[in-house]
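In case you want the letters, here they are:
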Amino acid sequence: MAKTIYLDNAATTPVKPEVLESMLPYFTEKFGNPSAVYNFAAENKNVVTQARETIAKALGTNTQDIYFTAGGSESDNWALKATAEAYKDKGNHIITTKIEHHAILHTCEYLEQNGFEVTYLDVDEQGIVKLEELKKAIRPSTILISIMFANNEIGTIQPIKEIGEIAKEHNILFHTDAVQAFGHLDIKVDEYHIDMLSASGHKLNGPKGIGFLYIRKGLKLRSFVHGGAQERKRRAGTENVPGIVGLAKAVEISINTMEERVKKEKSLRDKLIDRVLAEIPYTRLNGDRKKRLPNNANFSFQFIEGESLLIMLDMKGICGSSGSACTSGSLDPSHVLLAIGLPHEIAHGSLRLTLSDETTEEDIDYVVDTVKEIVEKLRSMSPLYEDFVKQNV
């Protein structure tokens, strides 16, 4: 088999060597519990504080506004459930979109079962929220707007600043799931009027099992995990010191390399998109052509099944996906692709390729050539494609 070309970085990323190196001492000789009072442990408490400072600086906020979690899903759950609990006397209405990650959608379903009302906004064919529809959805009982910064499947970036301004104008809290965006886009919470923000380490070459929730100072959110006084009494549990150290190192690297990395990824992404659309007929790009994550390309190929394409790509050493890693194995088409208006049969033929700073131009050429070959082969076996060709001769 050819060398592995990994183009599923939206699902997870490899831990960078520098990140791993920074973590290793905290598994062994520096294993102290930061909550203990003796000096050996106090050193780790300082390390956790330093990590918090690194992340806060990246977001342009204060150190005390960063709370460590086990990852993006926990952060999303915390933001929604704690807001619902804390502000239920003010109202019971939440606004989100139909293309959110399931960590948001399933949490909203849970809240609906517990007396809250949720409006799921439509998006346009590029996957972008319509601001006028958002304004119309606001009620006197609206307590939270939760809209992702950038979509994990199609890469579309939302008009977050404008959404934040609308939320602020109406005195409504604004949460954004920035799991795909943080470390890839420059995000300053004050500039975007963000009250809460979720992020995860393993999406930016950090370790799995660690993330954070930014909570703007003054929000009266209560504890999400009970049991101890960690994270300023808001999230109990012994701190994951190695994970926190690794997350901070990954954030530091991603911020310091962002400009150069984004420039490279955009160039390769655009080459990938241009070649696929030019050389493979009956193909569409999903998501906005320009307002998208720098490393994301998502295509739908008519007359083929995405699962067959993925299997054949894997045989050629290429790792891609048909959508969110959290829904792999599901026979249902992507809820995101259906939300942007694709019919089931086209949504089933989707392929998401997400690049990294390790991706090369040679990788892109090999991938496009291979995808082109496989799509032609699969279509040659498709009765639907055969009928389509006969009708259009």
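Quick look at the structure, then. (Residues numbered from 1 in each chain as written. Predicted model: local features only at pLDDT ≥ 70, side-chain atom pairs only at ≥ 80, totals over all residues. Heavy atoms only, no water.)

Some details on the environment of histidine 348
Put simply, the test is: Starting at the N terminus, helices and strands are each numbered in turn, a helix being any DSSP run of H or I of at least four residues and a strand any DSSP run of E of at least two.
Relative to the elements of secondary structure, histidine 348 occurs in the loop between helix 11 (344-347) and strand 12 (350-354). The spacing of histidine 348 and glutamate 305 is 43 residues in sequence and 5.7 Å in space, taken between C-alpha atoms.

Considerations on the sheet that holds strand 9 (residues 283-285)
Under the convention used in this document: Here the rule is simple: two strands pair whenever DSSP picks up at least two bridges between them. Between N-to-C directions, angles cover 0 to 180 degrees, with each direction set by a line fitted to C-alpha atoms, over the stretch in contact for helices. Pairs of residues are marked as contacts when any of their non-hydrogen atoms sit within 4.5 Å.
Pairing is antiparallel across the open sheet formed by three strands, whose spatial order is 9-10-12. Whereas interior strands pair on both sides, the edge strands pair on one side only; in this sheet they are strand 9 and strand 12. Taking the axes of each pair of neighbouring strands and ignoring which way they run, one obtains an average angle of 25° across the sheet. With five bridges connecting them, strand 10 (residues 296-301) and strand 12 associate as antiparallel partners. Residue pairing across strands places serine 300 opposite serine 350, the latter belonging to strand 12. On top of the sheet, helix 8 (residues 241-279) reaches strand 9, strand 10 and strand 12; it is set at about 10° to strand 10, its chief contact.

So, helix 9 (residues 306-315)
We apply this condition: Exposure classes here rest on a 1.4 Å probe applied to the protein chains alone. A residue is buried below 20% of its type maximum, exposed above 50%, and partly exposed in between.
All of the buried residues in helix 9 are Gly306, Leu309, Leu310, Met312 and Leu313. Where the residues of helix 9 are buried, they touch strand 10, strand 11 (318-319), strand 12 and helix 12 (361-380). Remark: glycine 317 follows helix 9 within two positions and exhibits a positive phi of approximately 85°.

With respect to empty space enclosed by the protein
Test applied: A pocket here means an open set of points on a 1 Å grid, computed over the protein atoms alone, that has protein on both sides within 12 Å along at least five of seven lines. A cavity is instead a set of points where a 1.4 Å probe fits but cannot get out; residues with an atom within 4 Å of a point line either one. Grid points are joined across faces, edges and corners, and a volume is the space filled by probe spheres set on the points. Throughout this entry, Asp, Glu, Lys and Arg are counted as charged residues, while Ala, Val, Leu, Ile, Met, Phe, Trp, Tyr, Cys and Pro are counted as nonpolar. The remaining residues, Gly among them, count as polar.
The full count for this structure, using the stated rule, is two cavities of 30 Å³ or more. Approximately 120 Å³ is the volume attributed to the largest cavity. Lining the largest cavity are 18 residues, and of these His184, Asn205, Arg261, Glu265 and Asp357 sit closest to its centre. Looking at the lining of the largest cavity residue by residue, the class counts come to four nonpolar, nine polar and five charged. Taken as a whole, the second largest cavity encloses approximately 70 Å³ of empty space.

Re the sheet that holds strand 8 (residues 211-215)
Taken together, the seven strands give an open sheet; going across it, the order is 2-8-7-6-5-3-4, and neighbouring strands pair in mixed fashion. For this open sheet the edge positions go to strand 2 (66-69) and strand 4 (117-121), each flanked by a neighbour on one side alone. Strand-to-strand, the axes of this sheet are offset by a mean angle of 20°, without reference to chain direction. This element, helix 3 (residues 72-86), spans strand 2, strand 5 (142-146), strand 6 (173-177), strand 7 (196-200) and strand 8 of the sheet and lies at about 160° to strand 7.

Some words on unusual backbone geometry
Despite not being glycine, histidine 193 has its phi angle at roughly 60°, a positive value. Within the secondary structure layout, histidine 193 lies in the loop between strand 6 and strand 7. Look at tyrosine 282: it is not a glycine, yet its phi comes out positive at around 60°. Assignment of secondary structure puts tyrosine 282 in the loop between helix 8 and strand 9. According to the relative accessible area criterion, tyrosine 282 is partly exposed, its value standing at 36%.

Focus: the side chain of serine 198
Test applied: Polar contact is defined as a pair of N or O atoms within 3.5 Å, subject to the rule that within protein one atom must be able to donate a hydrogen and the other to accept it, and that residues adjacent in sequence are counted only when both atoms are side-chain atoms.
Positionally, serine 198 belongs in strand 7. Taking relative accessible area as the criterion, serine 198 reaches 0% and is therefore assigned buried. Of note is the side chain of serine 198, whose polar atom sits 2.8 Å from the side chain of histidine 175. Residues within four places of serine 198 in sequence aside, it is in contact with Gly72, Ser75, Asp76, His175, Thr176, Asp177, Ala178, Val179, Phe212 and Leu213.

Details of the pattern of salt bridges
Put simply, the rule is: The salt bridge definition used is simple: a Lys or Arg side-chain nitrogen within 4 Å of an Asp or Glu carboxyl oxygen.
Tallying each qualifying case throughout the model produces 24 salt bridges. Glutamate 74 is the salt-bridge partner of arginine 235, the closest N and O atoms lying 2.7 Å from each other. Note that arginine 235 is positioned in the loop between helix 7 (230-233) and helix 8 and glutamate 74 in helix 3, a separation of 161 residues in sequence. One salt bridge in this structure joins glutamate 279 and arginine 275, with 2.8 Å as the shortest N-O distance. Note that glutamate 279 and arginine 275 are positioned in helix 8 at a spacing of four residues, about one turn of the helix. Since its relative accessible area comes to 26%, glutamate 279 is described here as partly exposed. Given the relative accessible area of 16%, arginine 275 is considered buried.

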